[in-house]
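# Understanding the architecture of this molecule
Here is how the chains run, residue by residue.
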Amino acid sequence: MDTRLEDVWRRESPHVLGALVRRYGHFDACEDAVQEALLSAALHWPREGLPANPRGWLVRAASRRLVDALRSDRARLDRETTANRLAPSEAPATDSDDSLHVLLLCCHPSLTPASQVALTLRAVGGLTTEQIAAAFLVPVATMGQRISRAKARLQAAGARLGDVTRADLPARVESARQVLYLVFNEGYAATGGSDLLDVPLTAEAIRLTRELHRRLPSDTETAGLLALMLLTEARRAARADDRGDLVPLADQDRGRWDRPLIAEGVRLVEAALPAGPVGPFQLQAAIAAVHGEAAAYADTDWPQIAELYRMLDAIAPSRVVTMNRAVAVAMTDGPEAALAMLDPLLREPVRGHRLQAVRAHLLEQAGRATEARAAFREAARLATSTPEQRYLHRKAAALAD
Amino acid sequence: MKYVILIHSNPQPWGHPTGDYIAEHQALPAAQRERLNAEFERLLTEMSANGELVAAEALADPSTATLYRWSGGEPLATDGPYSESKEHLAGFFLIDVSGPERAQEIATAFSGPGETVELRPAMWPGGEEH
């Protein structure tokens, strides 16, 4: 019963919250009321069985609590101006799907990306503040403050559900995609805290992106994002060894890749690419799909990957894209051609271990062992993730032999 | 009561866990190294579970630091490291424990050959009365 209750709750909570906020406003008070409705459900459902319409049950229970709470606030403050709006006989509709609206509300432009992420996990993902804090490795009190500040800011900005106009929608959906991508990356890159979570952030990001894709099936970038997540998640089991150290793509055991996930990702991106404007998520997904379809690293279709990175560099230029493009060019035109592509980046005053790590691998391929060792050492010096640092030290030490 | 435990160390090359890159630590017999590591892991797990561990970070190479000093009426940024000494701040733990005895017990277990572990009480209102 416990896990079933949990499943129902996680599926229904954004809908219940959305229904209440749409009807009454007061995001903060609605959230409290939804939490209380869950407590009530936890008492009643195990004894009486799951109601036929859990969402309707939760919306009714939460509405009663909310109306009571708002009334007692009003009585205390002696403000009765809108009390007549709160007649409980007019319960909010329970058949509408409001989770998308809640997601778009959480991605309000008045919030910082970190706050958008935290609020999305809380209000749309149904995670507790403790779970979100554990996922981001920050104290619970810090995360609690971040979430309440975000809610206060929404209130101050007068943000309400359903206030997204048709003209705002593309920008809001774009920021929702960025938020979901951040959630996924946080889960994927985290090496420490993720084991402590019963709900991995990557799974949560995929679940919410699936939902967004289901609601906006013709949005090709959302399809691209979902494909990118699935294709990346498919490699999870092969990405770290028993010690938790990083295994690069070239050395991964492809037998441990999740084939059904890869097939689903490939289908999504193949349908999205010809259907609409090509964006960065679709191109990154297409690159991940080419890797996913190669039976071995040596079988990778490098000319296609180099071309996809060229397109990506044209629409969304960045240092990371240039570095990845150089790696693909090394496979088609040799390491010296790739190293030449990196030269302009070396002149920029940006520090970071990644450029040195890519250079080190290319120098190693080119047979320039002494320079490669120095570059691996420099990359290790700049690295801020312990598993990456250990990997780079190992590479430098191996070249010293 | 809150304390920070500061690890002053000089891993060569810079790396974490620092013990893996410290000659004195590597010179210990393998069995003793394993015992120290296991004890450290056990204590860290216990402190995470009982809430004594508030925060912990391993720090990147001190030469990657940027230092901000006031110069000619405005801040001037230069590259690190902060100190010329042999040992550098390599990481810290913020702990919240029942009293000084427990803090000392933890700091003792965190110490290792070739490193200095600094146990430093945090200031808090009325702290001097304890």
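In this text the structure is predicted, and so the values were computed from the model without any measurement.

## Let's talk about the overall build of chain A
- From N to C terminus, chain A includes 19 helices and zero strands.
- Classification of the 401 residues of chain A by burial places 48% in the buried group.
- For chain A, long-range pairs separated by at least 24 residues make up 64% of all intrachain contacts whose partners lie at least 6 apart in sequence.
- Entry remark: accessible area of chain A is about 19200 Å², with carbon and sulfur atoms responsible for 53%.

## Some remarks on the interface of chain A and chain B
- Contacts between the two partners involve 11 residues from chain A, matched on the other side by 16 residues from chain B.
- At the boundary of chain A with chain B, total buried surface from both sides reaches about 970 Å², with 45% on carbon and sulfur atoms.
- At the surface where chain A touches chain B, the tally comes to one salt bridge.
- Among the ionic pairs, Arg390(A) bridges to Asp20(B), the shortest N-O distance being 3.4 Å.
- Where chain A touches chain B, the interface holds six residue pairs in polar contact (both at pLDDT 80 or more).

## Section: the pattern of salt bridges
All names here are of chain A.
- Taken as a whole, this structure holds 23 salt bridges over all chains when the rule is applied.
- Where Glu-348 meets Arg-319, a salt bridge forms, and the shortest distance between an N and an O atom there is 2.8 Å. Of this pair, Glu-348 sits in the loop between helix 16 (335-346) and helix 17 (353-365) while Arg-319 sits in helix 15 (residues 319-333), placing them 29 residues apart in sequence.
- The partner of Glu-336 in a salt bridge is Arg-368, with the nearest N and O atoms 2.9 Å apart. With Glu-336 in helix 16 and Arg-368 in the loop between helix 17 and helix 18 (369-382), the pair connects residues that are 32 residues apart, well separated along the chain.
- You can call Glu-336 partly exposed: its relative accessible area is 45%.

## As for the packing of helix 5 (residues 113-123) of chain A against helix 7 (residues 140-156) of chain A
All names here are of chain A.
- Packing of helix 5 against helix 7 leaves a shortest axis separation of 9 Å and a crossing angle of 95 degrees. Between helix 5 and helix 7, the crossing angle belongs to the class labelled roughly perpendicular. Counted together, Ala-114, Ser-115, Ala-118, Leu-119 and Arg-122 of helix 5 and Met-143, Arg-146, Ile-147, Ala-150, Lys-151 and Leu-154 of helix 7 form the full contact between these two elements.
- Partitioned by chemical class, the residues of the contact of helix 5 with helix 7 number seven nonpolar, one polar and three charged.

## Quick look at the environment of Arg64(A)
Residue and element names in this part refer to chain A.
- Mapped onto the secondary structure, Arg-64 falls in helix 3 (residues 54-77).
- Relative accessible area serves as the criterion here: at 53%, Arg-64 is assigned to the exposed category.
- It is 9.1 Å that separates the C-alpha atoms of Arg-64 and Ala-37, two residues lying 27 residues apart in sequence.

## Side note on unusual backbone geometry
All names here are of chain B.
- The amide bond that connects His-16 to the next residue, Pro-17, takes the cis arrangement and shows omega of -5 degrees.
- Inspection of the secondary structure assignment puts Pro-17 in the loop between strand 1 (2-9) and helix 1 (23-26).
- Cis geometry marks the peptide bond from Gly-80 to Pro-81, where omega comes out at 5 degrees.
- Along the chain, Pro-81 falls in the loop between strand 4 (74-79) and strand 5 (88-96).

## Topic: the confidence of the model for chain B
- In this model, chain B carries a mean pLDDT of 90, and residues with pLDDT of at least 70 account for 95%.
- On the interface metric, ipTM, the complex scores 0.71, and its pTM is 0.68.

## Re the packing of aromatic side chains
Residues and elements named next belong to chain A.
- For the structure shown, the criterion picks out six aromatic pairs over all chains.
- The interplanar angle of 75 degrees and the centroid separation of 5.5 Å between the aromatic rings of Tyr-297 and Trp-302 together place this pair among those described as edge-to-face.
- Note that Arg-235 overlies the ring of Trp-257, its terminal NZ or CZ placed 5.8 Å from the centroid.

## Some remarks on the nonpolar core
- Among the nonpolar cores identified, the biggest contains 93 residues, and Leu17(A), Leu20(A), Leu58(A), Leu103(A), Leu119(A), Leu121(A) and Phe136(A) are the most heavily contacted of them.
- Ranked by size, the runner-up nonpolar core spans 23 residues in total, among them Val358(A), Ala360(A), Leu362(A) and Leu399(A).

## Structural notes on the confidence of the model for chain A
All names here are of chain A.
- For chain A, per-residue confidence averages 84 on the pLDDT scale, and residues scoring 70 or more make up 89% of the total.
- A low-confidence stretch, residues 79-89 stays under pLDDT 50, and its non-local contacts, those more than four residues away or across chains, total 11 contacts.
- Across residues 191-198 the pLDDT falls below 50, and counting only partners more than four positions away or on other chains, this stretch makes six contacts in the model.

## Examining helix 7 of chain A
Residues and elements named next belong to chain A.
- With 17 residues, helix 7 extends 24 Å from end C-alpha to end C-alpha; this agrees with the ideal 24 Å at 1.5 Å per step.
- Within helix 7, the full set of buried residues consists of Met-143, Ile-147, Ala-150, Lys-151 and Leu-154. Angular distribution of buried residues about the axis of helix 7 spans 95 degrees; they occupy a single face of the element. Summarising the geometry of helix 7, the exposed residues directed more than 90 degrees from the buried face are Ala-141, Arg-149 and Ala-156.
- Following helix 7 by one or two positions, Gly-158 has its phi on the positive side, about 65 degrees.

Conventions we followed
- Residues numbered from 1 in each chain as written.
- Chains lettered and ligands numbered in written order.
- Predicted model: local features only at pLDDT ≥ 70, side-chain atom pairs only at ≥ 80, totals over all residues.
- Heavy atoms only, no water.
- Helix = DSSP H or I, 4+ residues; strand = E, 2+ residues; numbered from the N terminus.
- Buried < 20%, exposed > 50% of the residue type's maximum accessible area, 1.4 Å probe, protein only.
- Contact = heavy atoms within 4.5 Å.
- Areas by Shrake-Rupley, 256 points an atom, 1.4 Å probe, with all protein chains shown as cover.
- Buried area = accessible area lost by both parts, 1.4 Å probe.
- Salt bridge = Lys/Arg side-chain N within 4 Å of Asp/Glu carboxyl O.
- Polar contact = N/O pair within 3.5 Å; in protein donor to acceptor, adjacent residues only side chain to side chain.
- Axes fitted to C-alpha atoms, helices over the stretch in contact; angles between N-to-C directions.
- Parallel < 35°, antiparallel > 145°, perpendicular 65-115°, else oblique.
- Nonpolar A, V, L, I, M, F, W, Y, C, P; charged D, E, K, R; others polar.
- pLDDT = per-residue confidence, 0-100.
- Phe/Tyr/Trp six-rings, centres within 6.5 Å; stacked < 30°, edge-to-face > 60°.
- Lys NZ or Arg CZ within 6 Å of the ring centre and 35° of its normal.
- Core = buried A, V, L, I, M, F, W, Y, C linked by side-chain atoms within 4.5 Å.
- Expected span 1.5 Å × (residues − 1).
- Arc of directions from axis to C-beta.

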